Amino acid sequence: MTSEQDRQPMGTVQHVVISVDAMGGDRGPATVVAGIADSARKNPEIAFILHGPKAELEPLVAKRKELAGRVTLRDATGVVSMADKPSQVMRNGKGTSMWSALESVRDKEATVAVSCGNTGALMALSMIRLRKLPGVDRPAIAILWPSRNPQGFNVMLDVGADIKANARDLLQYALMGSSYARNGLELERPRVGLLNVGTEEQKGGAELKEAHDLMKAQADADGYDFVGFVEGGDIPGKRCDVIVTDGFTGNVALKTGEGTASLIGDLLKEAFAYSPLSRISSLLALSSLTRLKKRIDPRRVNGGVFLGLNGTVVKSHGSADETGVSAAVKLAFQLARSGFSERLAARVAARLEESDASAVATDAPSPQDAAGKKDAK
């Protein structure tokens, strides 16, 4: 195990360093350590800064030979609980494992932070410690949704960072979501859809219609194809790659989807356990059932990405097991390796420059106006 003073674990491999909050999950630090050990075993390029009470974490890490020489421990005795209010954590969060994990990204010791902790508190601390990107009004949480598309997943945002979103916010979500799809799913020109109660352009409220027009006008400049309004059935479909919506709608859709996937799994178990013949049938279909289970297993797409910050944060489910934590770390690694945070910042900055230039051009008087003013004098 490396000393606390080390900035990056030593070795022949150039590591991508992930900052991990060990104390946020419902299952405790042993599950988090097991998850990062699974990631370390699969990928020799990952190293970790692990945040939490050193006396508790040291023996857990020592038991995992996969983590030898690849973990830096940061002692942080405070813990943000699921019951803590974000405002409370903002005032008293210093010294917690969550705060410490974000500090490592802020100080450029790690590229991405991963936490299973309280979502509201994590977003609040992220905005305080990492700050929003200039030009971003509301950060968003993006998730990967299993889909019929060739890449196997669609991106949906926002799924709970903020329940409100105006037309400008939704336009920014389109920019950030398409950048995420470009880097996380390797889609050169993602297709973006705006979630609505129907696909017809006359449907939806005034803000949705305004967002529709803004996203359509900005598509070429932001490097995506806008497919217009999409419905709930398109979330796992192949009509688009990125689904944009407000945090309230997105979170309801996410929880509904997870509940449905769990229900399907339980119903399949009941069906194949119904009779001796059905149990034999399940054995014959075992390989197909295993593939289906893997495809719809929420643990394997665990990890919501906070977009719009000066740094990348991956939020894992609080109830994540070893497989879920490993999936969140894998996502963090993919985004870190692609340079996602820097690329997104560059796109947002370019959009801001275009907006400023457009505003200057709009405010500048035309030759006719200038002549008119001169004559008035």
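Bear in mind that the values here come from a model prediction, so they are computed numbers and not experimental data.

Draft legend 1. Here's a closer look at the packing of aromatic side chains. Under the definition given, this model contains one aromatic pair. Where Tyr-180 meets Phe-340, the ring centres are 5.8 Å apart and the plane angle is 50 degrees; that geometry is what we call tilted. One end of the pair, Tyr-180, is in helix H6 (residues 167-184); the other, Phe-340, is in helix H12 (residues 340-363), with 160 residues separating them in the sequence. Of the two residues examined, Tyr-180 and Phe-340, each falls in the buried class.

Draft legend 2. Fine view of the packing of helix H4 (residues 97-106) against helix H5 (residues 119-129). Close contact between H4 and H5 brings their axes to 10 Å; oriented N to C, the two are set at 35 degrees. Considering how the two elements wind past one another, H4 and H5 form a crossing that is right-handed. Contact residues: Met-98, Trp-99, Leu-102, Glu-103 and Arg-106 in H4; Ala-121, Leu-122, Leu-125, Ser-126 and Arg-129 in H5. Its residues assigned to classes, the contact of H4 with H5 shows six nonpolar, one polar and three charged.

Draft legend 3. Representation of the pairing of strand E10 (residues 304-307) within the structure. Alternating positions in E10 separate into two faces, Gly-304 and Phe-306 on one and Val-305 and Leu-307 on the other, with burial throughout. With three bridges connecting them, strand E5 (residues 140-146) and E10 associate as antiparallel partners. Bridge pairing in E10 places Ile-141 opposite Phe-306. Sheet analysis places E10 next to strand E11 (residues 312-315), joined by three bridges and oriented antiparallel. Among the inter-strand pairings, Gly-304 is bridged to a residue of E11, identified as Lys-315.

Draft legend 4. Layout of the confidence of the model for the protein chain. Mean pLDDT over the protein chain stands at 84; residues scoring 70 or higher make up 85%. Of the regions scoring below 50 in pLDDT, residues 1-11 engages in 31 contacts with residues more than four places distant in sequence or in other chains. Every residue in residues 370-377 is under pLDDT 50, and counting partners more than four places away or in other chains gives one contact.

Draft legend 5. Representation of a negative patch on the surface within the structure. A cluster of like negative charges, contributed by Glu-201, Glu-207, Glu-210 and Asp-213, occupies part of the molecular surface. The residue Glu-210 is located in helix H7 (residues 206-222) in this model.

Draft legend 6. Expanded view of the sheet that holds E11. In spatial order, the strands read E3-E2-E1-E4-E11-E10-E5-E6-E9-E7-E8; together these 11 strands make up an open sheet with mixed pairing. Of all strands in the sheet, those with a lone pairing partner are strand E3 (71-75) and strand E8 (225-230), marking the two edges. When the angles between neighbouring strand axes are averaged without regard to direction, this sheet yields 25 degrees. With five bridges connecting them, E5 and strand E6 (residues 153-157) associate as antiparallel partners. Residue pairing in the sheet places Trp-145 in a bridge with Asn-154 of E6. Each of strand E2 (46-52) and E3 touches helix H2 (residues 54-62); the most contacted strand, E3, lies at about 160 degrees to it. Against the sheet, helix H8 (residues 247-272) contacts E5, E6 and strand E7 (191-195), and its axis sits at roughly 30 degrees relative to E5.

Criteria and cut-off values
- Residues numbered from 1 in each chain as written.
- Predicted model: local features only at pLDDT ≥ 70, side-chain atom pairs only at ≥ 80, totals over all residues.
- Heavy atoms only, no water.
- Phe/Tyr/Trp six-rings, centres within 6.5 Å; stacked < 30°, edge-to-face > 60°.
- Helix = DSSP H or I, 4+ residues; strand = E, 2+ residues; numbered from the N terminus.
- Buried < 20%, exposed > 50% of the residue type's maximum accessible area, 1.4 Å probe, protein only.
- Axes fitted to C-alpha atoms, helices over the stretch in contact; angles between N-to-C directions.
- Left-handed = near helix turned anticlockwise from the far one by under 90°.
- Contact = heavy atoms within 4.5 Å.
- Nonpolar A, V, L, I, M, F, W, Y, C, P; charged D, E, K, R; others polar.
- Pairing = 2+ DSSP bridges.
- pLDDT = per-residue confidence, 0-100.
- Patch = residues over 30% accessible without salt bridge, like charges linked within 9 Å, V, L, I, M, F, W, Y side chains within 5 Å.
- Areas by Shrake-Rupley, 256 points an atom, 1.4 Å probe, with all protein chains shown as cover.
- Salt bridge = Lys/Arg side-chain N within 4 Å of Asp/Glu carboxyl O.
- Lys, Arg positive; Asp, Glu negative; His and termini not counted.
- Charge placed at Lys NZ, Arg CZ, Asp CG, Glu CD.

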